[in-house]
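Structural features, examined
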Amino acid sequence: MKFSYKVAPNYAAKQSTTGIMLELSLALVVVTVASAIWYGMTGGAELGIRVILLSIAAVVTALCTETLYLLARKKKDIAKELLHSYGWVTGLIIPLITRINVSFYAIIIATAIAILFGKMLFGGFGQNIFNPAAFAEAIIMNSFSASVAADIQTGATPLAAMKSYGWVVDGSALQNVLGQFGNLSGMFLGNYQSAIGGSCALLLILVAVYLIARRIIDYRLTVTYIVTVFVVSLIVGLMHGAGIEYAIVNVLMGGVLFAGVFMLTDPVTSPVSIPGRYVFAVGAAAFTLIIRWKSNLPDGALFSILIMNMLTPAIDQLLDGSQIKDAAKIARKAVIAMCVFLIAVLLVGSSLVAKTPTAAEEPKKDDKPVETVALSAEDYSENNAECTETSNDGATAVYACKAKGFEGVNEATVTIDVAKKTVVSIAVTKFSDTEEVGDQATTEEQLKKYVGATADSKIDSTTGATFTSKSLRAMIAKALKSASAVALGKEDFKENKAECSETSNDGTIAVYACKAHGFEGVNEATVTVDVASKSVKSIEVTKFGDTEDVGDQATKAAELDKYKGVTLESKVDSTTGATFTSTSLRAMITTALQAATK
């Protein structure tokens, strides 16, 4: 614990540390419950319950970790030690600075590591260098970013939208960003997904007012931090032609308000002196904006706090001295330090360059515009899309689909109107691409544009989410093709001029040497049929007459395996990018099956 010595007179504070921490815990519980209610109302009861369970998991993990450490240290009064260690506060904060789809595994491991290595090994409460909650979230972001719940869909955030514009947003561009999240009023009320506890600015401001009025937190840290972010953003915005809305947005989005209320104000990891706290807050604000503007991280609030935690001893040493005798000297040093931070962030802000949102996921190859083509004509060979029919009542067919995106495989449920051959709906069930980049394509508003699409529809990619968008189109195209497929026995193969000659038949297995026209020439294959079940046992291509590296995709072992067990009533899709060769294979199989039924 750090102590501040001052000459007499001194007085004892009316509030105890335990009382302060209990009131802070109450405020965190209020934010947690409010967040659970919002997620429950907008995403279903399961999400609301999930918020509560994540908090319980983090709190229990924090207390258990501290208990095990205290037992290892052979402490006698464990209950008393836990009561004065306040581990539950860290446990309450951690889920509130993560996103709703974070896995329980990630929360538990990160909390345990943060409590043990970020707090207890330093000597426990009052001795830790870093804010334990920020320490935990840093672990989640750097080591467990892919550890998310597969069945929870998240949407784009204001941070991702602003980043796509190079952080220089004005006029109609800013309105485009705000419009995605209900304009300024929507952001103020928190009607969008972000960090679980960081969206609702109104709630955080009310909580801040209460905590400041009760002297639970130091208003100097909170107000200085938020005002600095606002003023610097305003100046940088004016440099680039943006107005006051730009500065307001920079305060409302991300973790600025939550960090300013609950994390920056940690008395253990912030400077002792009042001038030092002003320097600390201004430095944190500067690093928040620098990291936002120039790094690949989604927000700078978290890491700015960790950086300033490391600088706290230096700030205390810089501003050391008698607060009365050396007041002028200390104030001068504090002003110089704050000016250094402000000059640095303004220089970085002046270097920002406005840009039109591009495919943030996609490496730029050239400057040629990408022509939008029909869903059925687009090349999805790299997406490896697959769709399995889960239900079909004759009116609508439902498909469980998956396709490769940028970082991993995305999954979705696609519903097709069988008669109209149009998309009824698409719901993303698993998102595996870049958080706050690719997930811009999975928002409810973006998914609506696929409703009513046919195989001939042309659908643009979501700005900044090219790979994810293409994976969605790949799944939709695959589902539409599956819904349009007809049974082998009813498909028209006249142009293929298929022929099959029986080479052997022992009454159980019949083997046929077949040939059929493809795209450039005649393909040949050996088709083996189970006579009793009238189904295909195998097909082996013996001669390939189509385009190399195109049609031969349909002749790979994995593709040929899908014909095993098919009958004349089966529906088999063409291999993406190899339609003519696939049709010739189906023609040969159909001819062989028809021969076996005679």
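Looking at an unreviewed UniProt entry, the protein carries the name NQR2 and RnfD family protein, with the source organism given as Solobacterium moorei F0204.

For the protein, the count of helices and strands is 20 helices and 8 strands. The long-range share in the protein, meaning contacts at least 24 apart out of those at least 6 apart in sequence, stands at 67%. Taken as a whole, the protein presents about 27,800 Å² of accessible surface, with 59% of it coming from carbon and sulfur.

Moving on, we come to the pattern of salt bridges. Between side chains of opposite charge, a pair can form when the charged atoms approach closely. For the coordinates displayed, the defined rule picks out 9 salt bridges. Residues joined by salt bridges that share partners form a network here, namely Asp218, Arg220 and Arg277.

Considering all chains together, one arrives at 2 disulfides under this definition. A sulfur-sulfur distance of 2.1 Å marks the disulfide that ties Cys387 to Cys401. Across the S-S bond of Cys387 and Cys401 the torsion is about 115 degrees, and the bridge reads as right-handed. Of this pair, Cys387 sits in strand S1 (residues 386-392) while Cys401 sits in strand S2 (residues 396-404); the two residues are 14 residues apart in sequence, bridging distant segments of the chain. The two residues Cys387 and Cys401 agree in class, both being buried.

So, about helix H16 (residues 327-350). Helix length check: H16 (24 residues) gives 34 Å between terminal C-alpha atoms against 34 Å at 1.5 Å per residue, within 8%. By the burial criterion, the buried members of H16 are Ile330, Ala334, Ala337, Met338, Phe341, Val345, Val348 and Gly349. At its buried positions, H16 is contacted by helix H11 (219-239), helix H14 (274-294) and helix H15 (301-318).

A separate point is the packing of helix H2 (residues 45-72) against helix H4 (residues 87-96). Between H2 and H4, the least distance of the axes is 8 Å, while the angle of their chain directions is 145 degrees. Of the two possible hands of crossing, H2 and H4 adopt the one that is right-handed. Contacts between H2 and H4 involve Leu54, Ser55, Ala58, Val59, Ala62, Leu63 and Glu66 from the former and Gly87, Trp88, Gly91, Leu92 and Pro95 from the latter. For the contact of H2 with H4, a count of residues per class yields 8 nonpolar, 3 polar and 1 charged.

Reading across the sheet, the 4 strands line up as S5-S6-S7-S8 and stay open at both edges, with antiparallel pairing between neighbours. Edge positions in the sheet fall to strand S5 (499-505) and strand S8 (535-543), since each of these pairs with one other strand and no more. Each neighbouring strand pair of the sheet contributes to a mean axis angle of 20 degrees, computed without reference to strand direction. Direction of pairing for strand S7 (residues 522-530) relative to S8: antiparallel, over a ladder of 7 bridges. Bridge assignment links Ala525 to a residue of S8, and that residue is Val541.

This part is about the nonpolar core. Leu211, Tyr225, Phe258, Phe262, Met263 and Trp293 are the most contacted members of the largest nonpolar core, which totals 100 residues. The element that contributes the greatest number of residues to this core is H14, accounting for 10 residues. Ignoring any residue separated from it by four or fewer positions in sequence, one finds Phe262 in contact with Leu24, Ala27, Leu28, Val31, Ile93, Leu204, Val207 and Leu211. Core analysis: the second largest hydrophobic core is formed by 30 residues, Leu375, Cys401, Ile459 and Ala465 among them.

Two elements in contact, helix H1 (residues 17-43) and H2, have axes whose closest approach is 5 Å; the angle formed by their N-to-C orientations is 155 degrees. The angle between H1 and H2 places the two elements in the roughly antiparallel class. Here the hand of the crossing between H1 and H2 comes out right-handed. Of the residues in H2, those in contact with Thr32, Ser35, Ala36, Tyr39, Gly40 and Gly43 of H1 are Ala45, Leu47, Gly48, Val51, Ile52 and Ser55. For the contact of H1 with H2, the per-class residue count stands at 6 nonpolar, 6 polar and no charged.

Looking at the secondary structure, you find Leu53 in helix H2. We classify Leu53 as partly exposed; its relative accessible area is 41%. In this structure the C-alpha to C-alpha distance between Leu53 and Pro95, which are 42 residues apart in sequence, comes to 9.6 Å.

In this structure, Ser570 sits in the loop between helix H19 (557-560) and helix H20 (579-597). A polar contact is formed between the side chain of Ser570 and the backbone nitrogen of Thr567, at a distance of 2.8 Å.

Further remarks concern the packing of aromatic side chains. Scanning the entire structure with this criterion turns up 7 aromatic pairs. Their ring planes at 40 degrees and their centres at 6.1 Å tell us that Phe130 and Phe135 sit as a pair that is tilted. Seen from their ring centres, Phe519 and Phe580 are 5.0 Å apart, and the 50 degrees between their planes marks the pair as tilted. Here Phe519, found in the loop between strand S6 (509-517) and S7, pairs with Phe580, found in helix H20; they are 61 residues apart in sequence, far enough to count as distant. In this structure Phe519 comes out as exposed when scored by relative accessible area, which is 53%. One aromatic cluster in this structure is built from Tyr86, Trp88 and Phe125.

Moving on to a nonpolar patch on the surface. On the surface, Val29, Val33, Ile37, Met41, Ile49, Ile52, Leu53, Ile56 and Val60 cluster together into a nonpolar patch covering about 800 Å² of accessible area. Those elements that provide at least two residues to the nonpolar patch are H1 and H2. Element by element, the count of residues in the nonpolar patch is highest for H2, at 5 residues. Within the secondary structure, Ile56 sits in helix H2.

On to the confidence of the model for the protein. For the protein, mean pLDDT is 85; residues scoring 70 or higher make up 90% of the total. Contacts for the low-pLDDT stretch residues 357-370, under 50 throughout, to residues beyond four places or in other chains number 22 contacts.

One can find Thr590 in helix H20. Non-local contacts of Thr590, meaning those with residues more than four positions away in its chain, are made with Leu488, Phe493 and Leu568.

Let us look at the environment of Ala453. Its place among the elements puts Ala453 in the loop between helix H17 (444-447) and helix H18 (466-484). Taking C-alpha positions, Ala453 is 9.5 Å from Ala477, a pair spaced 24 residues apart along the chain. Discounting chain neighbours no more than four positions away, the residues touching Ala453 are Leu375, Lys421, Thr422, Val423, Ile459 and Leu480.

What counts, and where the lines are drawn
Residues numbered from 1 in each chain as written. Predicted model: local features only at pLDDT ≥ 70, side-chain atom pairs only at ≥ 80, totals over all residues. Heavy atoms only, no water. Helix = DSSP H or I, 4+ residues; strand = E, 2+ residues; numbered from the N terminus. Contact = heavy atoms within 4.5 Å. Areas by Shrake-Rupley, 256 points an atom, 1.4 Å probe, with all protein chains shown as cover. Salt bridge = Lys/Arg side-chain N within 4 Å of Asp/Glu carboxyl O. Disulfide = S-S within 2.5 Å. Buried < 20%, exposed > 50% of the residue type's maximum accessible area, 1.4 Å probe, protein only. Expected span 1.5 Å × (residues − 1). Axes fitted to C-alpha atoms, helices over the stretch in contact; angles between N-to-C directions. Left-handed = near helix turned anticlockwise from the far one by under 90°. Nonpolar A, V, L, I, M, F, W, Y, C, P; charged D, E, K, R; others polar. Pairing = 2+ DSSP bridges. Core = buried A, V, L, I, M, F, W, Y, C linked by side-chain atoms within 4.5 Å. Parallel < 35°, antiparallel > 145°, perpendicular 65-115°, else oblique. Polar contact = N/O pair within 3.5 Å; in protein donor to acceptor, adjacent residues only side chain to side chain. Phe/Tyr/Trp six-rings, centres within 6.5 Å; stacked < 30°, edge-to-face > 60°. Patch = residues over 30% accessible without salt bridge, like charges linked within 9 Å, V, L, I, M, F, W, Y side chains within 5 Å. pLDDT = per-residue confidence, 0-100.

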